[in-house]
Amino acid sequence: MKTTRSTCPYCGVGCGVLIETEGGQITGVRGDPDHPANFGKLCTKGTTLHLTATPAITRQTRLLQPMQRLQRGQVPVALGWDAALDLATERFAQTITQHGPDAVGFYLSGQLLTEDYYVFNKLAKGLIGTNNVDTNSRLCMSSAVAGYKLTLGADAPPACYDDVNHAQCLFIVGSNTAFAHPVLFRRIEEARQKNPGMKLIVADPRRTDTAELADLYLPLQPGSDVMLFHGLLHIMLWEGWTNADYIAAHTSGFDDLKALVRSSTPEHVAQVCGLNKQDLFTAAKWFAGLDGPGTTHRKPTLSLYCQGLNQSSSGTAKNATLINLHLATGQIGQPGAGPFSLTGQPNAMGGREVGGLANLLSAHRDLANPAHRAEVAALWGVAEVPSQPGKTAVEMFQAAADGEIKALWIACTNPAQSMPDQATVRRALQRAEFVVVQEAFSTAATCDFADLLLPATTWGEKEGTVTNSERRISRVRAAVPAPGEARHDWQIGVDFARRLEKANGVRSEFRTAASEASNNVDRNSALTPFALQPEKDAAPANTLFPYQTPEQIWLEHRDSTRGRDLDISGLSWPMLDAQGPQQWPLREGETAGKTRLYEDGVFPSADGKARFAALPYMPVAEPREARYPFSLTTGRLRDHWHGMTRTGTLGRLFGHVAEPCVQMNPQDMERRRLQDGDLVHVTSKRGAIVLPVQGSRTVQPTQVFIAMHWGPEYLSGRSSQGEPLAGVNALTSSAYCPSSQQPELKHAAVKILKAELPWTLLGLAWLPEASALTALAELRRLMPSFDFASCVPFGRERSGVLLRAAAHEAPDAALIERIEALLGLNTPQTLRYLDQRRQQRRTARLQRETAQESDSVTLDAFLLAGDTSAEAWIKTLLQDQLPAGKHGRLLLMPGASAPVAVLARSPQICSCCNVSEDAIRTALPDCGGSADHRLAALQGKLQCGTQCGSCIPELRRLVKAVPASWVAV
């Protein structure tokens, strides 16, 4: 067995992993105990990474060769790499020649490695001459970028993970850290155990698992964060809790801010935010670090925040006004203090470092700055970098929908699932004349719109670097060869760029300029064209893209950082390999990176001072109204990530949340006479979807919640016009922050109406591992045949598929027979019942397992059509693999009653050990003592929460909810 050190491909915590391989296959994964981001810990997603890379899953879900769709809507056909890249070159060159460089656009991903990002940034801005290159980081972190630059002077998070061990007040706002960044949340839990005096404030419209741990929970109204921060500053000023010395020495602009927040009185803020006035005073005092009677010594406060602040039409203002609080109290630049944005994707930071957004250039340079453009042009050896601003994510797809952008290149991201306002996105993908999708997984919804599909490598196969939330650069290493004909993302970009260099009319003057630059360059300059540097391998002559290895690309990126705020001129590839992950800045002559920034109170601005941002409170872009009376918020599930192209391959990761639903406060459900499981129409001004409703007290009245992951791959149906439904982002708004251009994915006004769909269908089946995901993909293609449909995997040791659907009337029998065939119900042994008059049918397949000492019969597949009232017991019979032989033909009897008592399994709490809520509730009465003692006893009994620990917040909630049957003396 071989072990390879690498990095997890999920969230921005950037956990180190040890990949175990044997015979060229990934066989296991463990947390790297030496990686400073996680010290060996992994969440449920990380611990199952190896299971997503099995040969069976690879064969069924991976894109393994270039494919061309000869006509829209047709099945793509295979072609060779040369033919594929020649086609892409021809179509892009033709578009550029006829319509200009701004007629093409590149949409990239925060999951790309830094080297991948760098190549595509240079390809677009250096070779083609367009700034139309943006990424899904625009949906994730662009408001954090704008907030940092506006206040602190540079896009540089000043804090680090270790600060949770030094903070005396932790302020978490706009982040369900327990679900979105579980490994960091383990650190927070451990820090609180060691320091019981630490105060935890959580501000969130939903009472999430993160909020359950809080000493003070602030259930603010959606979008009211700026008003909250202004109100806290107002109180600090009134009570004398600001740090006047720090403000005077290290900041500017405070007088304007002080005038602005004068009207943000506690009474007004409490009304706007929906909060208790006394809680505002408590939060202000704790944040200021003056929580004891007569306290004069400030205790450090650390803020953690994520998409609740970023994904907003006021995203920049939310970020900046939170930073205002840190500057006003001097809570920055010391251990345990500072604003700390939590990155959503594994390399959104690295993408920002190389200028992978439409308004940025390499090494945190601004596109609007002529001097910065000249510096990058000198580095690349080109005449100029275009000054015309590029299209950001929302703008890019709007431009394609309007016919302005003719050709789109989409790499490692799934806009047909993740972008807001899916009606516009789909119109863009349909109207664009040529769409290239560079992807590892063929199952992503965007692949259905591609004219050309290019297979890319993914986790376990890639080489390069990523940067996590705390500015720490880690190596990503390949543990196995690329499957099929997949190529590295940077390699695809380089091969395409070299072809495009030879195409007539495509920035030919740049090649001339590059040659002149090579002849005239000052070899002592900090920015030296990379082609002049020694190369390890021979590269083609006369190219802007001479790279043979990711290290060569990284070296060029490193050179671009010299003298910048993120200077890594003292870092080398061998140093990363030998000494492990390193934080920036790490300048030439230094042996280690900087743990915290701004300790000396000097900021990267013209006068060395931080700037207060006097930005007014603005309500959400789409407030509730009579016709749309609910606020829809979106967010993450604990065991899934983004569009689930990877996590969605594992049934075990659906144990915690099995199917799509909309969560609603029980009071709102009662008023609308809704029951758990009822289908409802959720409608915004942009579109509608249908899905089951579920009561939840984590959601406040007049609010509803849908997980961001439920795209058209898992949740679909058809509209009243017959168009396929597009998942949760059919509802969300493309309104965006004017400074960061980040869309307001976190809020939309919606209405909820019961869906009258009397004909229902439920099908479940255990299928062979080698074909289950293929069947799942085929079933998903049938979902738009119904008014509502969802399709998900299930199972831990076996591979299961679940299809749920509903319609106004029964569909054609041929459609049902097709579904039965995909579920393995077309065998001679299948039991059948059909009532054509009532449009009902039941189908069941039993499996006899004969062993030496037992002879058992289990239910392996079933379909209920027209009447699904027996779901509760038949579904349990199959999923829990209970003995079914004695039921026989009773399985086919109409109605809901079970022939014998069959208890449905309660929701799964611990994914690692497969422990249900009922099992925990049964064990807890026998666990006495303090809350910590009861939790430890529960873990000893059931082992829940003893592996990855992601379920510990829920375990603590159950410990609080279920009393002990005895009291320890």
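Scroll up for the structure.
Residues numbered from 1 in each chain as written. Predicted model: local features only at pLDDT ≥ 70, side-chain atom pairs only at ≥ 80, totals over all residues. Heavy atoms only, no water.

A.B. asks: Account for the overall build of the chain, naming residues and giving values.
C.D. replies: A tally of regular secondary structure across the chain gives 31 helices and 37 strands. Its C-alpha atoms give the chain a radius of gyration of 28 Å, within 12% of the compact-globule value 30 Å for 969 residues. Counting only C-alpha atoms and orienting by the principal axes, one finds that the chain spans roughly 85 × 75 × 60 Å. When burial is assessed residue by residue, the chain has 64% of its 969 residues classed as buried. (Helix = DSSP H or I, 4+ residues; strand = E, 2+ residues; numbered from the N terminus. Rg over C-alpha atoms; globule rule 2.2 N^0.38 Å. Buried < 20%, exposed > 50% of the residue type's maximum accessible area, 1.4 Å probe, protein only.)

A.B. asks: Lay out helix α18 (residues 393-401) in plain terms, naming residues and giving numbers.
C.D. replies: The periodicity of an α-helix, 3.6 residues per turn, causes residues three or four positions apart to be oriented the same way. In terms of residue burial, α18 counts as a mostly covered element, since 7 of its 9 residues are buried. Listing the buried residues of α18 in full gives A393, V394, M396, F397, A399, A400 and A401.

A.B. asks: Give me the lowdown on the environment of D134, citing residues and values where you can.
C.D. replies: Following the sequence through the fold, D134 ends up in strand β7 (residues 133-135). You can call D134 buried: its relative accessible area is 0%. With 27 residues separating them in the primary sequence, D134 and Y107 have C-alpha atoms 5.2 Å apart. Filtering out sequence-adjacent residues up to four positions away, D134 remains in contact with F106, Y107, L108, G356, L357, A358, K391, T392, A393 and M396. Only 2.9 Å separates the side chain of D134 from the backbone nitrogen of A393, close enough to count as a polar contact. (Contact = heavy atoms within 4.5 Å. Polar contact = N/O pair within 3.5 Å; in protein donor to acceptor, adjacent residues only side chain to side chain.)

A.B. asks: Any details on the pattern of salt bridges? Residues and values, ideally.
C.D. replies: Side-chain pairing between opposite charges can occur once the charged atoms of the two side chains come close. Applying the stated criterion to the full structure yields 56 salt bridges. As a salt-bridge pair, E470 and R472 come within 2.8 Å of each other at their nearest N and O atoms. As far as the burial class goes, E470 and R472 line up, both buried. Of the charged contacts in the structure, one is a salt bridge between R838 and D835, with a shortest N-O distance of 3.9 Å. (Salt bridge = Lys/Arg side-chain N within 4 Å of Asp/Glu carboxyl O.)

A.B. asks: Explain helix α20 (residues 422-431) to me, and be specific about the residues and the numbers.
C.D. replies: Three or more residues of α20 are buried, namely Q422, T424, V425, R426, A428 and L429. Summarising the contacts, the buried residues of α20 are in contact with α18, β16 (407-411), α19 (415-418) and β17 (434-439).

A.B. asks: Break down the side chain of T321 for me, with residues and values.
C.D. replies: Here T321 lies in helix α15 (residues 315-329). On the basis of relative accessible area, T321 is assigned to the buried category, the value being 1%. Setting aside residues no more than four positions away along its own chain, T321 makes contact with V226, F229, H230, A613 and L615.

A.B. asks: An account of unusual backbone geometry is requested, with residue identities and associated values reported.
C.D. replies: With omega at 0°, the peptide bond leading from W584 into P585 counts as cis. Position of P585 relative to the elements: it lies in the loop between β21 (582-583) and β22 (610-611). Phi at Q741 is positive, roughly 60°, even though this residue is not glycine. By secondary structure assignment, the location of Q741 is in the loop between β28 (715-716) and β29 (748-754).

A.B. asks: Residue-level account of the environment of G608, with values.
C.D. replies: Summarising the element assignment, G608 is placed in the loop between β21 and β22. For G608, a relative accessible area of 17% translates into the label buried. In sequence terms G608 and H250 are 358 residues apart; their C-alpha atoms lie 7.6 Å from each other. Ignoring any residue separated from it by four or fewer positions in sequence, one finds G608 in contact with G601, V602 and F603.

A.B. asks: Give a detailed account of the sheet that holds strand β3 (residues 25-31), specifying residues and quantitative values.
C.D. replies: An order of β1-β2-β3 is seen for the 3 strands of this open sheet, with the pairing classed as antiparallel. Because the sheet does not close on itself, it has two edges, and the strands there are β1 (2-7) and β3. Strand-to-strand twist in this sheet, taken as the mean axis angle between neighbours without regard to direction, amounts to 30°. The pairing of strand β2 (residues 16-22) with β3 spans 6 bridges and is antiparallel. Bridged to L18 within β3 is R30. (Pairing = 2+ DSSP bridges. Axes fitted to C-alpha atoms, helices over the stretch in contact; angles between N-to-C directions.)

A.B. asks: So, the packing of aromatic side chains: which residues are in play, and what are the values?
C.D. replies: Counted by the stated rule, this structure contains 23 aromatic pairs. The interplanar angle of 55° and the centroid separation of 6.2 Å between the aromatic rings of F106 and F120 together place this pair among those described as tilted. Residue F106 is located in strand β6 (residues 104-108), and its partner F120 is located in helix α4 (residues 114-128); the two are separated by 14 residues in the primary sequence. Accessibility classification places F106 together with F120 in one group, the buried group. Ring geometry for W554 against W573: centres 5.7 Å apart, planes inclined by 65°, an arrangement best described as edge-to-face. A residue pair is termed long-range when its members are at least 10 positions apart, and W554 in helix α23 (residues 550-560) and W573 in helix α24 (residues 573-579) qualify at 19 residues. The exposure class assigned to W573 is buried, which follows from its relative accessible area of 8%. The side chain of K122 reaches across the aromatic face of F545, ending 5.4 Å from its centre. Lying over the aromatic face of F705, R206 brings its terminal NZ or CZ to 3.6 Å of the ring centre. (Phe/Tyr/Trp six-rings, centres within 6.5 Å; stacked < 30°, edge-to-face > 60°. Lys NZ or Arg CZ within 6 Å of the ring centre and 35° of its normal.)

A.B. asks: Give me the environment of C140: which residues, what numbers.
C.D. replies: Structurally, the position occupied by C140 is in the loop between β7 and α5 (142-151). With relative accessibility at 5%, the residue C140 sits in the buried group.

A.B. asks: Describe the pairing of β2, with residues and values.
C.D. replies: Across the 7 residues of β2, 6 count as buried, placing the element largely inside the fold. Looking at chain direction, β1 and β2 are connected through 6 bridges and run antiparallel. Bridging across to β2, R5 finds its partner in L18. Here β2 hands over to β3 after 2 residues, with G23 in that stretch at a positive phi of 60°.

A.B. asks: Describe in detail the sheet that holds strand β9 (residues 199-203), supporting the description with residues and values.
C.D. replies: Strand order across the open sheet formed by 5 strands is β10-β9-β8-β12-β13, with parallel pairing between neighbours. Two strands close off the open sheet at either side, each with one partner strand: β10 (216-218) and β13 (338-341). Shown here is a sheet whose adjacent strand axes are inclined to one another by a mean of 15°, direction ignored. Bridge analysis of strand β12 (residues 301-305) against β13 gives 4 bridges, and the strand direction is parallel. Within the sheet, the bridge partner assigned to Y305 lies in β13 and is S341.

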